[in-house]
Amino acid sequence: FQMNGGMVCEYGVRIKPGDVITSESSVGEYSEREGRLGLMLFSRGISTWTNQNGELVKRTTGTLIRY
């Protein structure tokens with residue numbers, strides 16, 4: 001069983017016409033916690049968007065909860 005544990009978005013510079021956007025995804029941290037239904041595994045994924053100048057456009061951190 002799994003469910004969405006939430007998402008946090010951080011915004012940097014604005015996207016302008018002509019920008020070249022690069023997206024990179026990575027696995028964040030893992031942690032465990034005891035819940036009502038048993039042991040829960042929290043896993044975080046991070047997606048980072050940058051422009052052609054290496055400036056942060058957007059970073060999203062999502063959490064997935066698994067039982």
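Counting starts from 1 at the beginning of each chain's written sequence and moves along it residue by residue. At least 70 in pLDDT is required for a residue's local features to be given in this predicted model, at least 80 for side-chain atom pairs to be given and counted, and no such filter applies to totals for whole chains, interfaces and linings, which use all residues. Remark: hydrogens and water are excluded; side-chain values derive from all non-hydrogen atoms of the structure.

A.B. asks: Tell me about the sheet that holds strand S3 (residues 38–50), residues and numbers included.
C.D. replies: Read across the open sheet, the four strands follow the order S1-S4-S3-S2; overall the sheet is antiparallel. Both outer strands of the open sheet, strand S1 (2–11) and strand S2 (22–35), are each paired with one neighbouring strand and no more. Across the sheet, the axes of successive neighbouring strands diverge by a mean angle of 15 degrees, strand direction being ignored. If DSSP finds at least two bridges between two strands, the strands pair. A run of H or I in DSSP counts as a helix once it spans at least four residues, and a run of E counts as a strand once it spans at least two, with each numbered from the N terminus. Orientation is described by axes fitted as lines to C-alpha atoms, over the contacting stretch for helices, and by angles from 0 to 180 degrees between their N-to-C directions.

A.B. asks: How would you explain the packing of aromatic side chains if you had to name every residue and give the values?
C.D. replies: Each aromatic pair joins two rings of Phe, Tyr and Trp (for Trp, the six-membered one) with centres within 6.5 Å, and gets the label stacked for planes under 30 degrees apart, edge-to-face for over 60, and tilted for any other angle. Under the counting rule described, the total for this entry stands at one aromatic pair. Geometrically, a charge over a ring is one whose NZ (Lys) or CZ (Arg) sits within 6 Å of the ring centre while staying within 35 degrees of the ring normal. If you follow Arg33 out to its NZ or CZ, it ends over the ring of Phe42, 4.5 Å from the centre. The ring of Trp49 is capped by Lys58, whose NZ or CZ atom sits 5.1 Å from the centre of that ring.

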